Amino acid sequence: MNRLFVVNKPIFRSSNGYMGYVKRKYNTKKVGFSGTLDPFATGCLIVATGQYPKLFQYLKKTPKAYSATLWLGANSQSLDIENIDSIKEVSEVSINDIYQALESLRGELTYYPPKFSAKKINGKRAYDLARAGEEVNLKQITSTIYDITLINYNHPFIHFEAMVSEGTYIRSLGAIIADKLGVDATLSSLRRDYEGAFSYENEKALDPLKFLKIPQNIYTGDDEFIELGKKLYIEYFETKENGEYWVETQNFFSIIEILDGEIIYKLNRVHKFDS
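Residues numbered from 1 in each chain as written. Predicted model: local features only at pLDDT ≥ 70, side-chain atom pairs only at ≥ 80, totals over all residues. Heavy atoms only, no water.

**Student:** What is the right way to look at unusual backbone geometry in this model?
**Tutor:** In most cases, non-glycine residues show a negative phi, while peptide bonds are predominantly trans. Residue Pro63 is reached from Thr62 by a cis peptide bond, and omega for that bond is 0°. As for its placement among the helices and strands, Pro63 is situated in the loop between strand S3 (42-49) and strand S4 (64-72). Pro156 follows His155 through a cis peptide bond whose omega is 10°. Structurally, Pro156 can be placed in the loop between strand S10 (141-154) and strand S11 (157-164). The phi angle at Phe12 is positive, at roughly 60°, despite the residue not being glycine. Note on placement: Phe12 falls in the loop between strand S1 (3-9) and helix H1 (15-26). Residue Asp260 is not a glycine yet carries a positive backbone phi of 50°. With respect to the element layout, Asp260 can be found in the loop between strand S14 (252-259) and strand S15 (262-271). By relative accessible area, which is 65% here, Asp260 ends up exposed. (Helix = DSSP H or I, 4+ residues; strand = E, 2+ residues; numbered from the N terminus. Buried < 20%, exposed > 50% of the residue type's maximum accessible area, 1.4 Å probe, protein only.)

Okay, here's the thing in structure tokens:
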């Protein structure tokens, strides 16, 4: 069964571990997800079954929006509530300082990912090295912070929302805010509100063709050529420029690439969405 939908991942469940629930609920062995959420994080997680996980790289998943709470005075090596090692009382900070700290993050931001992250170092996950007490040396990454807004400050908790590019670590944003305010702090809550046009709607089945980031191309030849994976010829396509496209027949769709007049199958003969 091919199905694309959004789940509302609960707190203290890994994204991968939560797939066990999905498999049982939908009675399927083939399931995948896009965009890992940390165990302490909740919210929008894109899930697909059957052939549809192969579509993840072609979906429009940005910008991503998060709601977060920064706990002033708490310290954690993982920058979240899973590994808190100390809690101190700290003085209230100026609301203007909070606004300035948030505003300074807008635009292109270069920073270090959390040591407790899924980034790989010589084939090993950074979080595995960190948990083993080994040295973790990660390279800086660059993200785009499209928008970041203070929602509420109720000492010692700063509640904010951020709209960011794919691959942004909100835990790192929290650490940067804490540094600018001159205090220890860690995220105490994190919820992903949406990814592009994807949001939680009671796990409603979605038509993947409405979420593809590549354009459609019109194929005027015999549908059987696509459905059987036969060689395709450029003269039968409405658009002939180089690029990746999706094309459809009555019951299937495929993703192709046009490269200097040649047609290359990227993903072929996927069953179309059936509501």
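**Student:** Could you clarify how one ought to interpret the nonpolar core in this entry?
**Tutor:** Soluble globular proteins: nonpolar side chains tend toward being buried together. Core analysis: the biggest nonpolar cluster contains 43 residues, and Leu72, Phe160, Ile170 and Leu181 have the highest contact counts within it. Among the elements that line this core, the one with the most residues is helix H4 (residues 170-181), at 6 residues. Excluding residues within four positions of it along the chain, Leu181 makes contact with Leu72, Val93, Asp97, Ile98, Ala101 and Ile158. By size, the runner-up hydrophobic cluster in this structure holds 21 residues, among which are Cys44, Tyr52, Ile255 and Val270. (Core = buried A, V, L, I, M, F, W, Y, C linked by side-chain atoms within 4.5 Å. Contact = heavy atoms within 4.5 Å.)

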